[in-house]
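So the chains spell out like this:
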Amino acid sequence: MDIFSKIAAGEIPSYKCAESDEFYAFLDINPVVKGHTLVIPRREVDYVFDMADDELARFQLFAKRVARAIRTAFPCRKVAQVVLGLEVPHAHIHLLPMNSEGDVDFRRDKLQLSQQEMQQAADSILAAFKQQTAE
């Protein structure tokens, strides 16, 4: 079981932003911007484009709902979607609130947020996500 699967299973703590039976979203622990969220399938698959078409479609629709929640929690011009990363062999999407393209520069220094700031960010996104579900 890879690290992302352990996070989704609750074996490793995370800052949960959203979840469904198939997918899980949590804050990146090395965020580029506040609200930087990772969206993963619970099923272990290494590469996004190895997913079956119907699963990929559901994954994107889930990510869209998470992006809407991020935009509610962190008002911004757009939420960027980036498929990037070779460190973890588990498909994932980065969602980042952005007001300029510089907000999506993965080469810049990562933010150092306190546990309280991270928890508040996750709680804000999760609340916005749940509000969508209630509507």
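**Q** Describe in detail the pairing of strand β1 (residues 16-19), supporting the description with residues and values.
**A** Successive residues of a regular strand alternate their side chains across the two faces of the sheet. Inspection of the sheet shows β1 paired to strand β2 (residues 23-27) by three bridges, in the antiparallel sense. Across the sheet, the residue bridging to Lys16 is Phe26, located in β2. Connecting β1 to the next strand, β2, in antiparallel fashion are three residues.

**Q** Can you break down the packing of aromatic side chains residue by residue, with the values?
**A** Per the counting criterion, the structure on display carries six aromatic pairs. Considering the side-chain rings of Tyr24 and Phe26, the 5.8 Å spacing of their centres and the 35° angle between planes classify their relative orientation as tilted. A ring pair is formed by Phe62 and Phe129, whose centres lie 5.6 Å apart and whose planes are at 65°; its orientation type is edge-to-face. Of this pair, Phe62 sits in helix α2 (residues 53-73) while Phe129 sits in helix α3 (residues 115-134), placing them 67 residues apart in sequence. Phe62 sits in the buried class, given a relative accessible area of 4%. Here Phe129 falls in the buried class, since its relative accessible area comes to 5%. Every member of this aromatic cluster is reached through a ring pair, and the members are Phe23, Phe59, Phe62 and Phe129.

Quick notes on the rules
- Residues numbered from 1 in each chain as written.
- Predicted model: local features only at pLDDT ≥ 70, side-chain atom pairs only at ≥ 80, totals over all residues.
- Heavy atoms only, no water.
- Pairing = 2+ DSSP bridges.
- Helix = DSSP H or I, 4+ residues; strand = E, 2+ residues; numbered from the N terminus.
- Phe/Tyr/Trp six-rings, centres within 6.5 Å; stacked < 30°, edge-to-face > 60°.
- Buried < 20%, exposed > 50% of the residue type's maximum accessible area, 1.4 Å probe, protein only.

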